[in-house]
Amino acid sequence: MGIRVANVSKHFGDFRAVDDVSVDVETGSLVALLGPSGSGKSTLLRLIAGLEDTDSGRIWITGEEATERSVQDRQVGFVFQHFALFKHRTVRQNVAFGLELRKWKKEAIRRRVDELLELVQLQGYGGRYPSQLSGGQRQRVALARALAVQPRVLLLDEPFSALDAKVRKELRAWLRNLHSEMHVTTVIVTHDQEEAMEVADRIVVMNEGRIEQIGSPAEIYDHPATPFVMSFVGAVNVLPQGALPQPGMADGLRSGAAASSDGQIFIRPHDVEVFASPRAGSVPARLKRLTHMGRDLQAELQLDSGEVLVAQFPREQINYTAIKPGDALHVVSRQVRTFVPDYSI
C-alpha cells in the first residue's frame, strides 16, 4: 500500500478540520482529494506529509508507520499552489536544491537534474530564473524539484489553481502522462471536479472534514452515494419532490424512481431531452433562455410548478432557430436520482 490513513482526526480549536478519516492509496496510483474550501482536503494532505500533527489516528507510507516521523523522514515530495521556487536560484539550482542538502556528488546532481529537466520538458531552461518563466513552466520546475530526491510519494496541493484555464488543462494532461511514465504514488488536492476527473485513478470526495465517497471518476459521477456528491461533481438540477404536478410530471421525470415524500430529485442537465411537441411521458415547460455552447445547446426551462430546469442537449435534437424565449416546449428526463433523508443522526 502506498499510503494508509486510519481514523485520523485534526482539530484547530473548536473547528474539526479532519474527522475520523480513513483512506488507502494504492502504490503507483494517482488519487485526487476533491471538495470545496474548508472540506479538510488540504489539511489531510498536510497530515500525510507531516506538516501538521494528527490529534488521533495513524498514517503509513509505503508500509512503514509515519505518524510520529518528521517531514524529512517521511521522504515525500510536496508541491504547493504558488510554486515556492527560490527566486535567486536558476531553474537548475532550484531542481538541485534537495540533492545538495543530501550531499550528492556534483556529477550525480548534474545527471539527475538533466534527466528531470528533460522529463518536465524544460531542456535549455536550466540557466533561467523563475521570473523569466511562465506560470506553467514554474510549476513544472516545482514538480521536478519535488521529484529530484526520489520521494516515496508525491503530494500536490492545488498545484494548478493559480494558472489560467488553458494552461491548467495543458498541465493536467502533462501530469497524467508524467505519472504514466514514473508511477510515483501521487495524491493531488483540488476543488476542480474536471481536474479530478481528468487526472485521477480514484477520487476521494470530502465535505466538512469527512469522506463522502471514494471511487473511480465513473463511479463518482454515475453512482453518487450522497446528495452532496451528486451536487458537487457535475452540473445537476435539484427539485423538491412536492413541486411535481401530477400525474404528467411524475411520469415524465421520475422514470420509475422511488422517492420519499419529503426528499428531492436530482437530474443531470444532459439527461433532459427537449422537444417542440409532446412525446410519450413528456411534461410541459416554457423556454426562459437558450445558450449556444458550441455543439450543444443549454436551455433554461420553467416548469408549471414554477421550478427552473436546465437542460443540455445536442443542437440536432431540436430546430433551435425556430424557438425563442417564452415558447412552450416539452421535456423528458432519461434518469432521475432520489436520496431518502437519513434520520439516524
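Cut-offs used in this document
- Residues numbered from 1 in each chain as written.
- Predicted model: local features only at pLDDT ≥ 70, side-chain atom pairs only at ≥ 80, totals over all residues.
- Heavy atoms only, no water.
- Helix = DSSP H or I, 4+ residues; strand = E, 2+ residues; numbered from the N terminus.
- Buried < 20%, exposed > 50% of the residue type's maximum accessible area, 1.4 Å probe, protein only.
- Contact = heavy atoms within 4.5 Å.
- Areas by Shrake-Rupley, 256 points an atom, 1.4 Å probe, with all protein chains shown as cover.
- Phe/Tyr/Trp six-rings, centres within 6.5 Å; stacked < 30°, edge-to-face > 60°.
- Lys NZ or Arg CZ within 6 Å of the ring centre and 35° of its normal.
- Pairing = 2+ DSSP bridges.
- Axes fitted to C-alpha atoms, helices over the stretch in contact; angles between N-to-C directions.
- Salt bridge = Lys/Arg side-chain N within 4 Å of Asp/Glu carboxyl O.
- pLDDT = per-residue confidence, 0-100.
- Core = buried A, V, L, I, M, F, W, Y, C linked by side-chain atoms within 4.5 Å.

1. So, the overall build of the chain
Next, step 1: When its secondary structure is counted, the chain shows 10 helices and 18 strands.
Next, step 2: Here the C-alpha coordinates of the chain stretch approximately 75 × 50 × 30 Å along the principal axes.
Next, step 3: For the chain, buried positions account for 47% of its 345 residues.
Next, step 4: A separation threshold of at least 6 residues defines the contact pool for the chain, and within that pool the share at least 24 residues apart is 67%.
Next, step 5: Put simply, the chain shows about 16800 Å² of open surface, and 48% of that area lies on carbon and sulfur atoms.

2. Thoughts on the packing of aromatic side chains
Next, step 1: The final tally for this structure, using the stated rule, is three aromatic pairs.
Next, step 2: Over the face of the ring belonging to Y221 we find R268, whose NZ or CZ atom lies 4.2 Å from the ring centre.

3. Considerations on the sheet that holds strand β3 (residues 30-34)
Next, step 1: Spatially, the six strands line up as an open sheet ordered β6-β7-β8-β3-β9-β10, and their pairing is mixed. The open sheet terminates on both sides in strands that have one partner only, identified here as β6 (76-79) and β10 (210-215). Across the sheet, the mean angle separating the axes of adjacent strands is 15° when strand polarity is ignored.
Next, step 2: Sheet analysis places strand β9 (residues 202-207) next to β10, joined by five bridges and oriented antiparallel. Counted as the bridge partner of I203 is G215 from β10.
Next, step 3: Across the sheet, helix α1 (residues 41-49) is in contact with β3, β6, β7 (153-157), β8 (185-190) and β9; its angle to β7 comes to roughly 150°.

4. Some details on the pattern of salt bridges
Next, step 1: If you walk through the whole model with that rule in mind, you get 27 salt bridges.
Next, step 2: Between E64 and R69 there is a salt bridge, and its shortest N-O distance comes to 3.1 Å.
Next, step 3: With a closest N to O distance of 3.3 Å, D327 and K324 form a salt bridge.
Next, step 4: One connected set of salt bridges, linked through shared partners, spans K169, R172, D192, E194, E195 and E198.

5. Notes on the sheet that holds strand β16 (residues 308-314)
Next, step 1: Across the sheet, which stays open at both edges, the five strands sit in the order β13-β17-β14-β15-β16 with antiparallel pairing between neighbours. The outermost strands of the open sheet, each flanked by one partner alone, are β13 (272-275) and β16. For this sheet, the mean angle separating the axes of adjacent strands, direction not counted, is 45°.
Next, step 2: Two elements, strand β14 (residues 283-293) and strand β17 (residues 328-333), share four bridges in a ladder whose sense is antiparallel. By the bridge assignment for β17, V283 is matched with V331.

6. What to know about the confidence of the model for the chain
Should pLDDT be low for a region, the predicted coordinates there are not to be read in detail.
Next, step 1: Mean pLDDT over the chain: 88, with 92% of residues reaching 70 or higher.
Next, step 2: The lowest-confidence element of the chain is helix α10 (residues 248-254), averaging 44 in pLDDT; the highest-confidence one is β9, averaging 98.
Next, step 3: Ignoring residues within four places in sequence, the model shows residues 242-261, a span with pLDDT below 50, making 39 contacts including any to other chains.

7. Things to note about the nonpolar core
Next, step 1: Residues V95, L154 and I203 are the most contacted members of the largest nonpolar core, which totals 43 residues.
Next, step 2: Sort the elements by how many residues they give to this core and helix α5 (residues 135-148) lands first, with seven residues.
Next, step 3: If sequence neighbours within four positions are ignored, I203 has contacts with A32, L34, A196, M197, Q213, I214, G215, P217 and I220.
Next, step 4: Within the second largest apolar cluster, 25 residues are counted, among which are V23, V76, F78 and L155.

8. Brief notes about the pairing of strand β1 (residues 3-12)
Next, step 1: Bridge count between β1 and strand β4 (residues 56-61): five bridges; the pairing is antiparallel. When the bridges of β4 are listed, V5 appears paired with I59.
Next, step 2: Taken together, the seven bridges between β1 and strand β2 (residues 15-25) define a ladder with antiparallel strand orientation. Considered in β2, the bridge of F12 is made with F15.
Next, step 3: As consecutive antiparallel partners, β1 and β2 are separated by two residues, and within that stretch G13 has a phi angle of approximately 65°, a positive value.

9. As for unusual backbone geometry
Next, step 1: Look at N7: it is not a glycine, yet its phi comes out positive at around 55°.
Next, step 2: Looking at where N7 falls in the secondary structure, it is placed in strand β1.
Next, step 3: Using a relative accessible area of 42% as the deciding quantity, one classes N7 as partly exposed.
Next, step 4: For Q121, which is not glycine, the phi torsion reads 60° and is therefore positive.

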